[in-house]
Amino acid sequence: MFSFIARRAGAAIGTLFLSSVLVFLAVQALPGDVATQVLGKDATPDAVSALREKLKLDQPAWERYVDWIGGALHGDFGLSLVSGKAVGGEVGMYLGNSALIALVTVLFAVTGSIVLGILAGLYRDRWPDHLISTVSLIGMSVPEFVVATVLVLCFSVALPWFPAVVLYGPEASVGQLMPAVWLPALALAVVMAAYIVRMARTSVIDVMAGEFVTTARLKGLSTWRVVTRHALPSALLPTLHVIALNVAWLAGGVAVVENVFNYPGIGKLMLASVQNRDLPVIQAIALISAVVYVVCNLAADLGAMALNPKLRTRGRTR
Amino acid sequence: MTTLDTPAAVPAVPVAPASAAARAWRTVRSSRAATIGLAIVAVHVLIALLAPLLTSYDPIANNADQALLGPSWEHWAGTDQYGRDVLARVLYGGRYAIGVSVAATLVTLLIGTVVGCAAALRGGWFDDVLGRVLDAVLSVPSVLALLVIVTALGTGPSVIVLAIAVVYVPQVVRVVRGAALAVVPADYVTAARARGESTWAILRREILPNITDVVCVEFAMRASWVVLLISSLSFLGFGADPPTPDWGLMVAENRTAITVVPMASLAPIIALATLVVGLNLAADGLSKAWGVDRIREGS
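Residues numbered from 1 in each chain as written. Chains lettered and ligands numbered in written order. Predicted model: local features only at pLDDT ≥ 70, side-chain atom pairs only at ≥ 80, totals over all residues.

A few words on the environment of A:Ala189. All names here are of chain A. Following the sequence through the fold, Ala 189 ends up in helix H8 (residues 174-208). Sequence separation between Ala 189 and Leu 245 is 56 residues; the distance between their C-alpha atoms is 14 Å. Leave out the neighbours within four places in its chain, and Ala 189 touches Thr 105, Phe 108, Ala 109 and Gly 112. (Helix = DSSP H or I, 4+ residues; strand = E, 2+ residues; numbered from the N terminus. Contact = placed C-beta atoms within 7 Å.)

Below is the structure:
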């Protein structure tokens, strides 16, 4: 079992190394000379070459990669080309604001969708199932910006309960941002839940058809007890992976939704830095997202192993 | 994998193209969800193709006198801030959305299927290295990858097709590789190898016919995600260039005037949602009829 965990962790580190190389190469491919871009078209050739030297653009790519990744390991992602501040601190600030949305989204989406998925699975092919399945099909079929727009129409325009746009900058306190968190989180949760509901529904149907559930029923256990003790743990297992993948998807979904609400989070920073060609910021965001993705997947794998002894033994023999 | 359990999914002998098409047609008709879904998609394609016949308005012609009108007899869905007819823009909007999405999905599926089959067939170090690289690509958020590619190469339709392929090929490879792995140990593949046939021939004649169902379901499902992704890209201002009529772009343009002319935002939303619902229904119906476990394949 230990070797299984070690191998998984090793694979995760290998993946991270590869993705850091990919990110670095992709960002290097962005057109235009960075130094000219920062200084503007009227810059003197001397100033440009001085900046090129300062940004180490005259060194070969692999040396710059080693520099960058070495700094990143110590939390130093360089300086933003636009604001001139340390990228690490800036990205961290925006990331914190986004974490607020992500936390609320995951809470909403996971609890809501597991309850709905189990309901749909238990009432298979009856009206609660049809209703839940139809709604989740629609949820899967509309992009995040549409859900966000409709939510603004309902809860900011028709019923002025929540702010439609955030007026604070990235330094806003949690208390200032709190009223603005709910609508973006709800928009993301609707889209995210749509997938998890379907997954949970199928798992519940599979599990409820199993022999151990029949045995439990024959023992005379109540439906509630059968569901909570037997169906739920087994149904959660395949759902776990979908949830982990969805947490990674959040990084992209957040970009769209935060721009609808003008929320000062990582998604807004991502879009702004791509527009401004702020390479160090793009690299930092991509690398941090990759870490989140890999860690989520690792956690899901290990979690699945903890819940399912069969996976443990298979990992050992292979 | 699960596909093996259903007799319809994996015939022992590779089927001839004609009977495969007939089989597919029977499956589609036997599944109500697939029929409805494909019908919706077909209507969307027809509307996009026949847009010039359905409306007499030019989707990109500005008319300052007619700006921000509500629904009327002349403009059924009203006009936007530049006085352009919303209905005309919605009808023409399908051209960009469907055209680019279909091209992107086709390219993605083509590359993904070939690479996925090759990985399953070759195995060994090729498979291992490929798995690592794909994991690394998957770990970068797709929207960020799209934005970087589009910024690097410009916002033409062909760039978007390429960007979508980069983002989605890894997932398709995983799905196809999984399905092909179930076929590779079969006796007829071993026999073909023993006959000394080339990898390409085995792939085309023995493996592909047996995973057609998985690939078809993957196509419908992937297309729905591609449509959503492209519309999000347009919404963010990185997809279709104004004044191209595109649904995502329309929502972005008219969102601020949503209280004045709600139809200008709602009409493209409805068009977009119905197209994706159609694709999802088709994917659901086909996967159920063929016994392809869609949700698990998708994850």
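Moving on from the model shown.
Contact residues are listed per partner, giving 44 residues for chain A and 34 residues for chain B. Elements with a minimum of two residues in the side of chain A that touches chain B: helix H1 (2-28), helix H6 (127-141), helix H7 (144-158), H8, helix H10 (223-261), helix H11 (266-276) and helix H12 (279-307) of chain A. Looking at the side of chain A that touches chain B, its residues break down into 32 nonpolar, 10 polar and two charged. (Nonpolar A, V, L, I, M, F, W, Y, C, P; charged D, E, K, R; others polar.)

Residues and elements named next belong to chain B. Contact geometry for helix H3 (residues 86-122) and helix H11 (residues 262-290): axes closest at 10 Å, N-to-C directions at 25 degrees. Classified by the interaxial angle, the pair formed by H3 and H11 is roughly parallel. Along this stretch, H3 crosses H11, giving a crossing that reads as right-handed. Side by side, H3 and H11 meet where Val 86, Leu 87, Val 90, Gly 93 and Gly 94 of the first sit next to Met 263, Ala 264, Ala 267, Pro 268 and Ala 271 of the second. Broken down by class, the residue content of the contact of H3 with H11 amounts to eight nonpolar, two polar and no charged. (Axes fitted to C-alpha atoms, helices over the stretch in contact; angles between N-to-C directions. Parallel < 35°, antiparallel > 145°, perpendicular 65-115°, else oblique. Left-handed = near helix turned anticlockwise from the far one by under 90°.)

Before going further, it helps to spend a moment on the nonpolar core. Judged by nonpolar contacts, the single largest core of 173 residues is most densely connected at A:Ile196, A:Ile285, B:Ile164, B:Val176 and B:Ala220. At 20 residues, the largest contribution of residues to this core is made by H8(A). (Core = buried A, V, L, I, M, F, W, Y, C linked by C-beta atoms within 7 Å. Buried ≥ 20, exposed ≤ 12 C-beta atoms within 10 Å, placed from the backbone.)

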